[in-house]
Amino acid sequence: MPFRIALSGLDAASTDLQVTGHNIANSATNGFKQSRAEFADIYATSIQDVSATASGRGVRVTRVAQQFSQGNINFTASNLDLALNGEGFFTLQDAAGNVSYTRAGAHTVDRDGYVVNHANDRLQVFAPIGTSTTNFNTGSTVDLQLPTLSGAPSATSAATVAVNLDASSTATPAATLFDPTVATSYDSSTSTTVYDSLGSAHTMTMYYRESDTVANQWHVYTTVDGNIVTPTTNSTAAPSSAAYPSATVNFSTSGALTTGSGSVSASGTIAYNALPITGAAALNLTFDYNNTTQFGSAFAVNNLTQDGYATGRLSGVDIDNSGVVFARFTNGQSTGLGKVALAKFNNPQGLRQLGDTSWGETFTSGSVQMGEAGTSSFGLIQSGGLENSNVDIAEQLVNLITAQRNFQANAQVITTADTVTQTIINIR
């Protein structure tokens, strides 16, 4: 019997050494979670055996328990490297549709633009609803794919114009008729770039000329690539030739824009007739003049923006701490591609280890619960970082010494039992 007891001790110590060795071997593995061997004593008892002095029958390994404590986070140069600070797992799916879960967040992009790990499993995200960057379909997940084509252009349709027209100006333009090529035919001008439906850039220029006959009134002439753009209402050709109609803008005695007057609508905008563009859709422009003023100071452009943009190539990817993935393009635009889907379990120690630093759902772990970073008990996502292994090398080296001593002690039991047996055999 001592031999069997000692053998069970040797087996338990050997398992402990294997677990400790596995922990040490993975001390540099990103997202790795250490394990520990847990033991229980063995007694050969029955209902009839109620003796309080029953001798034990050895030891057995009850389980190898995973330890899901937080690992340190190291920062990297790739925005696709993700680390979780808190509870949860990243969700992956392979080509066959098998789902796995991991804390290792090292990702790259495959030939088709999918974000994958080293095993070519695709990172799962919640898809955006429409073009929204704040609302996502959390009922299902999709593969995260970066756009491989150029971003589509968008034609300019609206512009915001906030300028100050000089109320103290007393000089009348020398030229009687407005002409964009004659600087003395207007008081001030400013330009910006607008885009057609094909993403081609066009220069739009606005010229401002104070009225010769009406106080606090200005004429606004707008051209695109030198072609006049005609306002839809209250167009006037005075003082100008018929080739250059203008919009009229009126101001109060306090210098504020008078809405619902001249060419300005009650909402403070000026709409223009469609301007044909060769090969592209006609430009339909509306300008917001609400913040335009007429004060006694020099002409100034306080704000001049428009909503169009050209085609753009993917220039980078950003992921915020809530997991929202943005694609940045060279045209200055950004598009929401999805929100990283996180998973958690009631009993993560019950997860089945699949290798490659990933786990699979089991009955013991409980059903998967999907959610978003920063909500409920899910942790936050750190882009450009990787979670280190949670193995403490010093602790594992101490465990090595302990397991070695246990192994040696059980071997000594076998030696002692053998000596006793030999003594009995040698009795004459």
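Please refer to the structure placed before this passage.
Residues numbered from 1 in each chain as written. Predicted model: local features only at pLDDT ≥ 70, side-chain atom pairs only at ≥ 80, totals over all residues. Heavy atoms only, no water.

Asks: Honestly, the side chain of Asp 121 in this entry has me stumped. Any pointers?
Replies: Here Asp 121 is to be found in the loop between β8 (115–116) and β9 (122–128). The contacts of Asp 121, once residues within four sequence positions are left out, are Leu 92, Gln 93, Asp 94, Ser 100, Val 115 and Val 116. (Helix = DSSP H or I, 4+ residues; strand = E, 2+ residues; numbered from the N terminus. Contact = heavy atoms within 4.5 Å.)

Asks: Mind showing me how you'd approach the nonpolar core here?
Replies: Here is a general trend for soluble globular proteins: nonpolar side chains tend to be buried in one another's company. Grouped together as the largest cluster of nonpolar side chains are 27 residues, with contacts concentrated most on Val 161, Met 206, Tyr 208, Val 224, Phe 287 and Tyr 289. For this core, the elements supplying multiple residues, two or more each, are β11 (158–164), β13 (201–210), β14 (217–224), β16 (247–250), β18 (275–277) and β19 (280–283). Those residues in contact with Tyr 289 that lie beyond four places of it in its chain are Val 161, Met 206, Tyr 208, Val 220, Leu 257, Gly 268 and Ile 270. Counting residues in each nonpolar core, the second largest holds 21 residues, with Leu 146, Val 317, Ile 319 and Phe 378 among its members. (Core = buried A, V, L, I, M, F, W, Y, C linked by side-chain atoms within 4.5 Å. Buried < 20%, exposed > 50% of the residue type's maximum accessible area, 1.4 Å probe, protein only.)

Asks: What am I meant to see in helix α1 (residues 2–25) here?
Replies: One turn of the α-helix equals 3.6 residues, which is why residues spaced by three or four share an orientation. With 24 residues, α1 extends 34 Å between its outermost C-alpha atoms, agreeing within 8% with the 34 Å of an ideal straight helix rising 1.5 Å per residue. Within α1 the residues assigned to the buried category are Ala 6, Ser 8, Gly 9, Leu 10, Ala 12, Ala 13, Thr 15, Asp 16, Val 19, Thr 20 and Asn 23. Taken together, the buried residues of α1 touch β1 (35–43), β2 (56–66) and α2 (393–425). (Expected span 1.5 Å × (residues − 1).)

Asks: Where do I start with α2 in this structure?
Replies: Across its 33 residues, α2 extends 48 Å between first and last C-alpha, which sits within 8% of the 48 Å expected from 1.5 Å per residue. Looking at α2, one finds that the buried residues are Gln 396, Ala 403, Asn 410 and Ala 417. Where α2 begins, the side chain of Asp 392 points an oxygen toward the backbone nitrogen of Ala 394, at a separation of 3.1 Å. (Polar contact = N/O pair within 3.5 Å; in protein donor to acceptor, adjacent residues only side chain to side chain.)

Asks: Which parts of the structure should I look at to understand the packing of aromatic side chains?
Replies: Under the counting rule described, the total for this entry stands at twelve aromatic pairs. Here Tyr 186 and Tyr 207 contribute two aromatic rings whose centre-to-centre distance is 4.8 Å and whose plane-to-plane angle is 65°, an arrangement assigned as edge-to-face. Of this pair, Tyr 186 sits in the loop between β11 and β12 (188–195) while Tyr 207 sits in strand β13; the two residues are 21 residues apart in sequence, bridging distant segments of the chain. For Tyr 186, a relative accessible area of 16% puts it in the buried group. For Tyr 207, a relative accessible area of 9% puts it in the buried group. Here the basic side chain of Arg 122 rests over the ring of Tyr 114, its NZ or CZ set 3.6 Å away from the ring centre. When the ring centre of Phe 378 is taken as origin, the NZ or CZ atom of Lys 344, which lies over that ring, is 5.0 Å away. (Phe/Tyr/Trp six-rings, centres within 6.5 Å; stacked < 30°, edge-to-face > 60°. Lys NZ or Arg CZ within 6 Å of the ring centre and 35° of its normal.)

Asks: Would you take a moment to explain a nonpolar patch on the surface for this structure?
Replies: Taken together, the side chains of Val 420, Ile 424 and Ile 427 present a nonpolar region at the surface, about 300 Å² in accessible area. Along the polypeptide, Ile 424 turns up in helix α2. (Patch = residues over 30% accessible without salt bridge, like charges linked within 9 Å, V, L, I, M, F, W, Y side chains within 5 Å. Areas by Shrake-Rupley, 256 points an atom, 1.4 Å probe, with all protein chains shown as cover. Salt bridge = Lys/Arg side-chain N within 4 Å of Asp/Glu carboxyl O.)

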